[in-house]
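Topology and contacts: notes
Listed below, chain by chain, are the residues.
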Amino acid sequence: MTAAQENRFVDVVFPFPPPMPLTYAVPERFREGLRPGHRVLVPFGRRKAVGFAVSLSGRTSVPDVKPVEDLLDAEPVFSEDMLALTAWVSDYYFASWGETLRSALPPGLTGASQLRAERTDAAAGPRPLTEPEQRVLDCLTAGKRLTVRELEKKTGVKGIRYALNRLASEGLVRVEYSLDTPGVTVKTEKWVTLRLEPSETEWVSMKKRSPRQAAALDRLREAGGELRAADMEADSQVLGRMEKAGWIEVWEEEVFRDSEEASSVDAGAAPVRLTDAQAAAAAAIRGDLDSGAFHAVLLHGVTGSGKTQVYIEAIRHCLAQGKDALVLIPEIGLTPLAVRRFRAAFGDGVTVLHSRQSRGERYDAWRRIREGRCRIALGPRSAVFAPLRNLGLIVVDEEHEPSYKQSEPSPRYHGRDTALVRGRMAGCTVVLGSATPSLESYANAVSGKYRLLELPERVDRVPMPSVSLADMKEAKPGTKSLIFTPALLEAVQRRVSAGEQVILLQNRRGYSSYIRCADCGHVESCPHCEISLTFHRSERRMKCHYCGYQKQPPDACPGCGGTSLQCRGTGTQRIEEEIRRLFPEARLIRMDLDTMRRKGAHSRAVTDFEGRKGDILLGTQIVAKGHDFPGVTLVGVISADTGLHLPDFRAAERTFQLLTQAAGRPGRRDKPGEVVIQTLSPDHPVIGFATRHDFKSFYEWEMRQRGELGYPPFGRIILAVFKGPDSEKTEKAAIRFLERIPKTSAYEILGPAAAPLARLKNEYRYQIIFRQSKNTDPSAGRLRAALKKALSDFQNSDFDRKVRLSLDTDPVDLM
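The structure reproduced in this document is the subject of the present report. For clarity, every value in this text was computed on a predicted model and none was experimentally measured.

**Remarks on the overall build of the protein chain**
From N to C terminus, the protein chain includes 23 helices and 33 strands. For the protein chain, the C-alpha atoms occupy an extent of roughly 90 × 75 × 65 Å along the three principal directions. Intrachain contacts of the protein chain at a sequence separation of at least 6 include 74% that bridge at least 24 residues. Accessible area of the protein chain: about 36500 Å², with a carbon and sulfur share of 48%.

As structure tokens, then:
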């Protein structure tokens, strides 16, 4: 059967409902070129829509199928490997395939991108042109760009993108794509080349009659005959006249936008001498890379043990094999630091990909990776879909971080777990690194599913910092501060006076957690969420950190009219105020969501603190992650109890990880480090494990707690969350959904019940927890099948349309 016979029908998915593919007929002119992964323009109801071709066939049982109207690209935007990966993500995380594919593309490519074309000077090759191709070519002229709509009007041919792309692939036309946002296009830069040297007579004449042309030509000659047009100091009219006279040639070169351009450095950093443990770990990973098969490795190294250098050694070996590498980091805020480290080793071979880039920057980064112009892609969880062609290694740094899990919108995938699946599909090595591995990953390493490599000591045998506890009950009226205990206050004073640097961690932003009336107990709450409003003193506003609602603080209690309003709880703004009172000479830098909103703010703050332009760095959990500040000798944790007692089975694990990571920041060079942890629970086991840097004892203790209740890694959890504007109807939808789930001993059902955060953004929230034991149903196959059927019923039956349902596989929190 020929391709034309095989490719008569195509299944197309969309980045919007419906979740199932729709079938379209493939016109004969597209049958040779259409492949899975292409973007196609198809009729969708009364409009046209862009979808993704996912499979082709020679027959269909669907009657009266509509035809594909156009192919939007010369080559598929998705490889077969990426189609397979996104298919797995959509199935495992209960998402539609179309919305998963949308997540793997830069913004704008899910719409019909604007395309303009012009003819080149190239001559047609031996391949005979089709009639649409010839008509398009006849309409185009050099130097004049026409849009698709203009060409369709002139040629009378509909759906000409495919013809244009084929002509472009043979060099007969030049096309320019732009995203669906005005002003975002492929960026080019004009250059000028000297074509003809004027004679002495011509030169004298030019100086008299056209002094600006003569000056521009002089600059061009001084530059060796080639110069950027921007450096010519001549406007476009002058250059146009010079080009028309034959003196110069003006041409364009594509320029890739780089969001981390200021952080880039030349490769060629001095070789690093590895410790024995680093060398052993690097050698083991090289062996896995040489095997050419899938291997999962957990690199467990204490903070400061040099895990990044092991990654770099592994990437070097991967590149030497002619393969590509992917590096995932947990936070966009850590991107500048990671870029600096990896570009110091690999130069501009590293391309950054993340969601806070401008649309043009992200589009350029995606194309640069897809076209094979770089070998290393780096970014947070969404970079797991980077279109690398020949993947040999995936690194997931700080693999334990919950930020690797997407919560909203769908697909609710986990970047680490998706990376492992991608590695298995590609037959490559996946390295997970952390000083505080997730219980799931460490359990897999202990069981032998992953290879366990350990770095038990810091580089150069630098000792771990000493850790002491300070009981917060000592910060009481009559002392210098109600926020700082005497022990922490003395430590900060001592370090700052010695010219050393301090990091202070408080995982709560704002000034105070809430405002409460001392007379009646009324607490100012968000009218749209069941959550108290956080007071931001610098702006004199009370804000909801969930929906964005804000208001001015009241002068009197809305409940009783009393005026005894108290700020309760402590946020970073209040601590900043206290630091400035206690240490007026200290230079303070604050890092939290409120101060880091502007593009580049995080990078500037890190650079300033690293450059000793600050004495104290105050912030939320971002200050505890990944940073290596040589001048830091003290870390103070304002309150270790912030997340310890939350109603979530991971609360203890997260607290231990945060405290351990924070405790790993000081004393990384020649001066010993010190950590002071303020707590109201000094006898809690988790606090004790963190003070001793004792991961293995924490692991054994927490595994006993999890095992008794069947929580991961002893079982799997799928969380169903129902959201709607009416509490009663939302609860009713949850009950009706549960009625469709067969009762069996293979899994346990908890709920439906109101979620801990029972109302957010004017929607009531009910949840059902499905907990499955690995002993009774290791793959959760029966549970997943039951949920898929119930989800289909929910989407297609008479459930209240105002109630929304999300299924979250392997949730990282149950709030």
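The rest of the description comes next.
**Observations regarding the nonpolar core**
Core analysis: the largest hydrophobic core is formed by 83 residues, its most contacted members being F78, L326 and M591. Here the element with the most residues in this core is helix α19 (residues 651-663); it accounts for 6 residues. What L326 contacts, discounting residues up to four positions off in sequence, is A377, A383, V384, A386, L388, L391, L393, I394, V395 and R422. With 29 residues, the next largest nonpolar core counts L289, V297, V310 and L455 among its residues.

**Remarks on the pattern of salt bridges**
Two side chains that carry opposite charge are able to pair once their charged atoms sit near each other. The final tally for this structure, using the stated rule, is 47 salt bridges. Put simply, R416 and D417 hold a salt bridge, and the shortest N to O gap is 2.9 Å. For R416, a relative accessible area of 8% puts it in the buried group. Between E440 and R650 there is a salt bridge, with its nearest N and O atoms 2.9 Å apart. Highlighted residues: E440 in helix α15 (residues 439-447) and R650 in the loop between β28 (632-637) and α19, separated in sequence by 210 residues.

**Some remarks on the packing of aromatic side chains**
Enumeration according to the criterion identifies 22 aromatic pairs in this entry. With 6.2 Å between their ring centres and 70° between their planes, F722 and F794 make a pair best called edge-to-face. Pair noted here: F722 is in strand β30 (residues 715-724) and F794 is in helix α23 (residues 781-796), with a separation of 72 residues, a long-range link. By relative accessible area, which is 0% here, F722 ends up buried. For F794, a relative accessible area of 7% puts it in the buried group. Taken together, the ring pairs in this structure connect Y442, F656, F689, F695, F698, Y699 and W701 into an aromatic cluster. Sitting over the face of the ring of F16, R47 holds its NZ or CZ atom 5.1 Å from the ring centroid. Over the ring of Y363 we find R367, and its NZ or CZ is 5.0 Å from the ring centre.

**Comments concerning the sheet that holds strand β2 (residues 22-25)**
To summarise the sheet geometry, strands pair through backbone hydrogen bonds and adopt either a parallel or an antiparallel arrangement. Strand order in the open sheet formed by 5 strands is β2-β1-β4-β3-β5, and the pairing between neighbours is antiparallel. Looking along the sheet, the strands with just one partner apiece sit at the ends: β2 and β5 (70-71). When strand β1 (residues 9-13) meets β2, the two strands line up antiparallel, connected through 4 bridges. Paired with V10 across the bridge in β2 is Y24.

**Structural notes on unusual backbone geometry**
Note that the residue after E408, namely P409, is joined by a cis bond; omega there is -5°. Each neighbour pair has its own omega, and for P712 with P713 the value is 15°, a cis peptide bond. By the secondary structure assignment, P713 is in the loop between α21 (695-709) and β30. In this model, N762 sits at a positive phi of 65°, which is unusual for a non-glycine residue. Its location among the elements puts N762 in the loop between β31 (747-760) and β32 (763-773).

**Thoughts on the side chain of R458**
Mapped onto the elements, R458 comes out in the loop between β18 (451-455) and β19 (466-471). Within the structure, the side chain of R458 is placed 3.3 Å from the backbone oxygen of P666, a separation counted as a polar contact. Setting aside residues up to four positions removed in sequence, R458 forms contacts with V302, T303, G304, S305, P463, M464, P465, A663, G664, P666, G667 and R668.

So, how was this worked out
- Residues numbered from 1 in each chain as written.
- Predicted model: local features only at pLDDT ≥ 70, side-chain atom pairs only at ≥ 80, totals over all residues.
- Heavy atoms only, no water.
- Helix = DSSP H or I, 4+ residues; strand = E, 2+ residues; numbered from the N terminus.
- Contact = heavy atoms within 4.5 Å.
- Areas by Shrake-Rupley, 256 points an atom, 1.4 Å probe, with all protein chains shown as cover.
- Core = buried A, V, L, I, M, F, W, Y, C linked by side-chain atoms within 4.5 Å.
- Buried < 20%, exposed > 50% of the residue type's maximum accessible area, 1.4 Å probe, protein only.
- Salt bridge = Lys/Arg side-chain N within 4 Å of Asp/Glu carboxyl O.
- Phe/Tyr/Trp six-rings, centres within 6.5 Å; stacked < 30°, edge-to-face > 60°.
- Lys NZ or Arg CZ within 6 Å of the ring centre and 35° of its normal.
- Pairing = 2+ DSSP bridges.
- Polar contact = N/O pair within 3.5 Å; in protein donor to acceptor, adjacent residues only side chain to side chain.

Any functional reading would require information that these geometric values do not contain.
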